[in-house]
Every structure is written in C-alpha cells, then in structure tokens.
Amino acid sequence: MIKVFSKEWFVERAPGLLPAYRKHMTEYYAPKNFNFMYYFGSLALLILVNQIVTGIFLAMFYTPSARQVFPGVSEAFASVQYIMRDVDWGWLIRFMHTTGASMFFIVIYFHMFRSLMYGSYKKPRELVWLLGMLVFLILMAEAFMGYVLPWGNMSYWGAKVIISIFSAIPWIGDTLVTWIMGNFIVGGPTLNRFFSLHVIALPLVLLLLVVLHLAALHEVGSNNPDGVDVKHGPKGNRWSPDAPKDGIPFHPYYTLKDMVGVGVFLLICAFIIFMAPKVGGWFIEHENFAPANSLVTPPDIKPVWYFSPFYAILRTIPDKGLGALALLCSIAVLFFMPWLDRGKVKSIRYRGTSYKVALTLFAIAFVCLGLIGADVASKVILHVLGPNTDITWWLHLIGYIFIAIYFGYFVFLWVYTFFGLERTKPVPERVTTHD
Amino acid sequence: MTKRIVVPFVLALGLLFGAAGAQAQTLMDSGANVRDQASLQRGAKLFMNYCSGCHSLHFMRYSRIAHDLGLSQKDVMQHLDFTGGKFHDNIVSAMPVDGARQWLGKAPPDLSLVVDEMGADWVYTYLNSFYFDPSTTVGWNNTILKNAAMPNVLWELQGIQVAKMSTPKPGDKPVVEGLELKRPGRMTPAQFHAATRDLTAFLEYVSDPSALPRHSMAPWVLLYLAGFTFLALLLKHEYWKDVH
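Computed from a predicted structure; not experimentally measured. (Residues numbered from 1 in each chain as written. Chains lettered and ligands numbered in written order. Predicted model: local features only at pLDDT ≥ 70, side-chain atom pairs only at ≥ 80, totals over all residues.)

Q: How would you sum up the overall build of chain B? Please name residues and give values.
A: The helix and strand tally for chain B stands at ten helices and six strands. Long-range pairs, those at least 24 residues apart, make up 66% of the contacts in chain B between residues at least 6 apart in sequence. (Helix = DSSP H or I, 4+ residues; strand = E, 2+ residues; numbered from the N terminus. Contact = placed C-beta atoms within 7 Å.)

Here is the structure:
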C-alpha cells in the first residue's frame, strides 16, 4: 500500500516529474566558472515573475477606459492614481511593476551582451539565441503597450509616434495603422486592445518562449566565460561518472549563488522603489503625470529610456521610410549573429584584439545612441558649445557616426571571420579554473 | 574580470547622470522637504486659503491629509476645508470649469500631480516669479511661464515685483533681466521664500503621498535585504567549499 502523496505515489502517477526536475536542476551540470555576467539570466526570470504577480494585482484595480471622469482626466489615468492613493499597498505594487519594467531591460541588455562577449550564440546554441531574440522582441512590445496604459500625455503621444512607424510600410501602411489603433486616432479602442494584449496575449507568448529558451539551453548545455564546451571535456565528477568533469549541479550550487545575486539585485531595486521610484524621470517620465491630451503635444516626445537607442536610429535618419527600415534592421540583424560570426573561438578572452575593440565600440555606440534618443545628447551639446549651436547638424553628425558603428560591428564581424583575418589566442582544453 | 565589466558600467552611469545634471535650467532651489510635517501643515493652510478657490486636488482627500499631516478631523474641517466637501471627499474647487474658461481663458489646472509633472523647483520658482505687467489681461506676468493666465494670488504676502528690462539692441525687444520688489507685502522676502517653500512641500506631498511611508520604511527594508544577502552569501560559501 503506497501512502497518498508520498514520493512513490507521485512516481507511479507522474513518472516524468522527477526525471524532469533532475534534468533541469540537480542533474543539469553547468560549468563551474560562471562569472558576474551569468547572474542576469536568473534575474530576468525573477523579474518576469515579479511583473506577472504585481501585474495581476494591478489589473484588479486598473480600468482600461479613456472615458472622461472629470475635466481632462480619463478613467484609466484616475484608476492609476486610485491604486497609488486608495488601494492598500497599491503604491508598492505599482512601483514594483514600473521599476521591474526598467530593470527588465537593464538585465536583458546585460544578458545579451554576455552572449556577445562569450559567443554564447554560436554553434550549438543558435536556437537558444534565436528564441532569446524572440523573447526580446515580445518584451519590447509588452513594455510599449504597458507604457500606454496609464494614459498619461507621454503614453498617448508615444503610442501615436510608435504606431505611426508602421505607416512607413508601402501600400498597406495607413490601413495597418488604423487597424492597430482600432480607430482613426489613438483613442479608447487603442487603450482597450493594448490592455488585452499587455495582460493576456503577450505574457502567454512570452512565457512559452522563455520555457522554450530554457529547454533549448538545457539540451545543449550552458556556455561559460572560457567558451570551452565542458561536455566535450573529460568526464566524471563527484556526482556521476558520465557528467562533465568541470560541471557542477545547477541545484544547489547555482541556485545558491544566484540567491546572492538576487539579494544584491533586490537591494538595488528596493532602494529605487522606496527612495526614488521615478529615478529622476528615467523610469517614469515627468510628462506622463499629465493626463493624455490630444491637443497638447509634449515639448519632446520620446519613448522610455530602454527604447532610446533604437529611437535615435529612427530619428537621426530624416526620411521616415528609411528611418523605419534602419530601425527594423538594427533589431533584425541581431537574429543573424550566429551566421555573421564565423569565428571558431567563442570567448572574448581568446579572440583577436580587433574583435575586442569592435565589441567595445559597439557597446559605446549603443549607449551613445541611447543618450541621443533620450534627448540627453542635445542638452549636453548645447551646454558645451553654447546656446547658438546648430543642434540639428550636430545630432545628425554624431547620430550617423554611432549608427555607422552599430551596423559596422556586424559588417566587420562577418568580414573579419569569413576571410579568416582574426588572429586568436589558443583556447585551453578545459575551463581555466579546474583543479 | 568583474572589475573590467563593472568599471566601464560605473563610468557610463556617471556620464549619464553628469549629463542629466548639465540640463539644469535657471530654476531656484526649492529646498522643499516632504518629511517636515510642520512645513506640510503650513503649506496645506496656504494652499487651502489661497489656491483651493480655483485649483482642485482631485486625487487628494481631506481625510488623507488629516491622517498624513497629524491633524484631527476637526482641525481639517474647520480650518482647511473651504470647498464645502465632506471629510472623505476629494478636494474639488468650487469654481465651475466652464465659468473659469470664460473668465480666465483656461480652466485652472488640477494640481494633484503638479510637482511630479513639473518638479518642485519649477513650482517654487513659478510662485516667486510673478511681476506686475499692465499689458496682460490679469495685470500680472511670470518669468518662467510667460503670459500665464494666473494672477499673483500671493501678492499681499509677497508685495509687488516689477521687471527690470534689458536695454535692447536696435530692432530687438527688451527682455526681462531680473525682478525687483517695488512695494513690500506683509511678509519679508525671506518669510515669503519660506512660505512658498512650505506650499511647494505640500504640493510635493500631494503629488505622491506614498513618499511618507516609503521613506520611513526604506531603512528597514534595505536592512532586511542586506541581512538576507549576507546569509545567502554565507550559505553559498559553505556549499561551494568543495568546488575548486
């Protein structure tokens, strides 16, 4: 007689459960030399959970309606203030959600950069990279639609600008824009469908993609800062004779290590949430505390900081169609990373000097494009060169330079590796920290 | 390795915030402090006496002010409620919106979120930057919001400022170079600065009342998380002893 809910009881009824747990946790052998850059995957997962849980509570009190409740203020805008003031702990739930949104992108950008540093997109992890890129794409849509929901003035005008990008598509552009908005202008129907997409459609897709991303990773195994495949190294460790010698079980080793990362990360987040949740207008923009108003255009319409590098690419190029195309390409080109980079050596530690320089320049260009898109660059230029500076000319100049570096990175990478110009250092047999 | 990643990141952040600092315009420093309860109480009194006739705080309740500012229901209802609202009502000005549009050309905006939108320094500077200007319909103008529809309602406290105009080059119009107190009010300039600082602090509190619980909770939350992180670190070291 097997006791109900005992281990044997479960094994008999769900025989796949324990093997799945072992495969992904206690018998998932990760290389033992993960460094700082390897915290961001688990942190991204933590934020995803945070966004879902806080989002559930926000949706209990938020009303997706552009109907006016008192002069100039919509029900949606008022319901956000209702959460902030009348709902018990509503401010905490909302600031956790808004801070989570920005932190998500910080973490994801680090996570992606880690991949570029250590060549984690290369064979055999192309699928992991592609699924990750899809996650990034959906995340951008999710964040954009979430930003529209408070129905502040920047929500409204931001939505208008971003949606109008689609009008650059030849022939069907204008019809497509009307179809997306559900109206001839951004309005109530737009808000309602963005709410639906933000809380149901996109999170479902996001979750599915994250599961696939992890499943694909656990099939091929994790890369590491040395870019050496531990699966191809010597076999046999303390836990199993078939397991890689330089691998350690994900649980408890990396669950505990990630716990430390989580602690530090939560300290940073708690500081932001409790001391400066708007982060000086970077996480929640000042203009968005004014309700949506179709008659008052904010002085400079710009998306939240995490879109600003891509927004800078769109805005620097004066032609709308070409700008939209460049924006599309700047994201699309990332999908081709595994095939653009033909180099056999994965980790930046053993790659050619030119590669290191190129990646550094790429990172600088990305940050600087962000500063241009976030309107910081124009203010700095005015400050440095005086108020009579031809700001448009300067912004175009530095904008084009950084766009050239951004795309130049990919061109360089292909030429550099396809024609075998790279002079790499010898890659060690095993991870450098083995005993 | 960690150093090579962290250092550029810190440098980039420094650049970012340095750049953000470079944006600072010619606003006065408000010095408003939402944690100074007495200042908030004085600010509330000023707001209710001088502002609530035209400006609403649709997102603020009298009862919330009583709770957060350490006032009794009687205090608030007798000394602060001039709109005829009930204790748990929102603060809605008695001025009809349509009438206001006709009288002033623009309905006075709701001020619930004005500090979050414009910043405390802007509000403080605005309150201090009215000057007498007979060319406008209300007789007042403001250096940081040109041709504001609002008259200087605090003039009896501040007195009357006039603009010092520049001597323009031929063909240019003169611009306001500075303000000068022509006729003193009931308050000295220092007293008026303190009063507008109180008013700004009150409006900052109204913009985000969660600042009060947030700030008082922050040290405990951070301490708790620091303790958690420390324990997690010890546990990690214990388990990782055998990884070489």
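Q: An account of the overall build of chain A is requested, with residue identities and associated values reported.
A: Counting its secondary structure elements, chain A contains 16 helices and four strands. For chain A, whose C-alpha radius of gyration is 24 Å, the value lies close to the compact-globule estimate of 22 Å for 435 residues. Expressed as a percentage of its 435 residues, the buried residues of chain A come to 40%. The long-range fraction of contacts in chain A, counting pairs at least 24 apart against all pairs at least 6 apart in sequence, stands at 73%. (Rg over C-alpha atoms; globule rule 2.2 N^0.38 Å. Buried ≥ 20, exposed ≤ 12 C-beta atoms within 10 Å, placed from the backbone.)

Q: Let's hear about the interface of chain A and chain B: which residues, and what values?
A: Listed as interface residues are 38 residues of chain A and, on the opposing side, 36 residues of chain B. Per-element tally for the side of chain A that touches chain B: the top contributor is helix α10 (residues 250-275) of chain A, with 14 residues. For the side of chain A that touches chain B, the class distribution of residues is 27 nonpolar, six polar and five charged. (Nonpolar A, V, L, I, M, F, W, Y, C, P; charged D, E, K, R; others polar.)

Q: I'd love a proper account of the packing of helix α11 (residues 308-316) of chain A against helix α14 (residues 353-373) of chain A, names of residues and values included.
A: The geometry of a pair of packed helices is captured by two quantities: the angle between their axes and the separation between those axes. Residues and elements named next belong to chain A. Where α11 meets α14, the axes come as close as 7 Å, and the angle between the chain directions of the two elements is 70 degrees. Relative to α14, the element α11 lies roughly perpendicular. Along its contact with α11, which presents S308, P309, Y311, A312, I313 and R315, the element α14 presents F366, L369, G370, I372 and G373. (Axes fitted to C-alpha atoms, helices over the stretch in contact; angles between N-to-C directions. Parallel < 35°, antiparallel > 145°, perpendicular 65-115°, else oblique.)

Q: Describe the pairing of strand β1 (residues 57-61) of chain B, with residues and values.
A: Two faces, one strand: in a regular strand the side chains alternate between the faces of the sheet. Residue and element names in this part refer to chain B. With four of five residues buried, β1 lies mostly within the body of the structure. Across two bridges, β1 lies against strand β2 (residues 90-91) in antiparallel orientation. What sits directly across from R61, in β2, is N90. (Pairing = 2+ DSSP bridges.)

Q: Explain the confidence of the model for chain B to me, using residue names and the numbers behind them.
A: Residues and elements named next belong to chain B. A residue-level look at chain B finds 90% of positions with pLDDT of 70 or above and a mean pLDDT of 89. The low-confidence segment residues 19-25 (pLDDT under 50) makes nine contacts with residues lying over four places distant or belonging to another chain. Interface confidence for the predicted complex, expressed as ipTM, amounts to 0.92; the pTM equals 0.93. (pLDDT = per-residue confidence, 0-100.)

Q: Please give an account of the nonpolar core that cites residues and values.
A: The biggest cluster of nonpolar side chains holds 100 residues, and the ones touching the most others in it are L43, F104, V107 and L369 of chain A. At twelve residues, helix α6 (residues 126-148) of chain A tops the list of elements feeding residues into this core. When residues no more than four places from it in sequence are discounted, the contact partners of L43 of chain A are V107, G261, V262 and F265 of chain A. Formed by 38 residues, the second largest nonpolar core is a distinct cluster that contains I65, A66, V114 and V206 of chain B. (Core = buried A, V, L, I, M, F, W, Y, C linked by C-beta atoms within 7 Å.)

Q: Account for the packing of α11 of chain A against helix α16 (residues 391-418) of chain A, with residues named and values stated.
A: Residues and elements named next belong to chain A. In the contact formed by α11 and α16, the axes pass within 10 Å of each other and the chain directions differ by 120 degrees. Relative to α16, the element α11 is oriented oblique. The two elements α11 and α16 cross, and the hand of that crossing is left-handed. Residues A312, I313 and T316 of α11 touch α16, and the partners they reach there are H396, G399, Y400 and I403. By residue class, the composition of the contact of α11 with α16 is four nonpolar, three polar and no charged. (Left-handed = near helix turned anticlockwise from the far one by under 90°.)

Q: I'd like a description of helix α7 (residues 153-164) of chain A, backed by residues and values.
A: All names here are of chain A. Taking 1.5 Å as the rise per residue, α7 with twelve residues should run 16 Å; its terminal C-alpha atoms sit 17 Å apart, in good agreement. For α7, the complete set of buried residues consists of N153, M154, S155, Y156, W157, G158, A159 and I162. For α7, the secondary structure elements touched by its buried residues are α6 and α9 (188-220). (Expected span 1.5 Å × (residues − 1).)

Q: Which residues make up unusual backbone geometry, and what values go with them?
A: In the segment running from K123 of chain A into P124 of chain A, the intervening peptide bond is cis, with an omega of 10 degrees. Here P124 of chain A is to be found in the loop between α5 (90-118) and α6. The omega torsion of the bond from H251 of chain A to P252 of chain A falls at 10 degrees, within 30 degrees of zero and hence cis. Take P252 of chain A: it is sitting in helix α10. For W171 of chain A, which is not a glycine, the phi torsion comes out positive at approximately 65 degrees. Its place among the elements puts W171 of chain A in the loop between α7 and α8 (173-181). Non-glycine residue N147 of chain B carries a positive phi angle of around 55 degrees. As for its placement among the helices and strands, N147 of chain B is situated in the loop between β4 (140-142) and α8 (155-158). Taking the C-beta count within 10 Å as the criterion, N147 of chain B has 12 such neighbours and is therefore assigned exposed.

Q: How would you sum up helix α2 (residues 37-51) of chain B? Please name residues and give values.
A: Residue and element names in this part refer to chain B. In a regular helix each residue adds 1.5 Å, so 15 residues correspond to 21 Å; α2 covers 20 Å between its end C-alpha atoms and thus fits that length. Buried residues of α2: S39, L40, Q41, G43, A44, F47, M48 and C51, and no others. The inward-facing, buried residues of α2 contact α3 (62-69), α4 (73-80) and α9 (189-207).

Q: Could you give me a rundown of the environment of S167 of chain A, with the residues and numbers involved?
A: Residue and element names in this part refer to chain A. Note on placement: S167 falls in the loop between α7 and α8. Between the C-alpha atom of S167 and that of H198, which follows or precedes it by 31 residues, the distance is 22 Å. For S167, the residues in contact, after removing those within four places along its chain, are G173, D174 and V177.

Q: An account of the environment of F36 of chain A is needed here, citing residue identities and associated values.
A: All names here are of chain A. Along the chain, the position of F36 falls in the loop between β1 (29-31) and α3 (40-61). Of the residues examined, F36 has 16 C-beta atoms within 10 Å and is grouped as partly exposed. Along the chain, F36 and L208 lie 172 residues apart, while their C-alpha atoms are 27 Å from each other.

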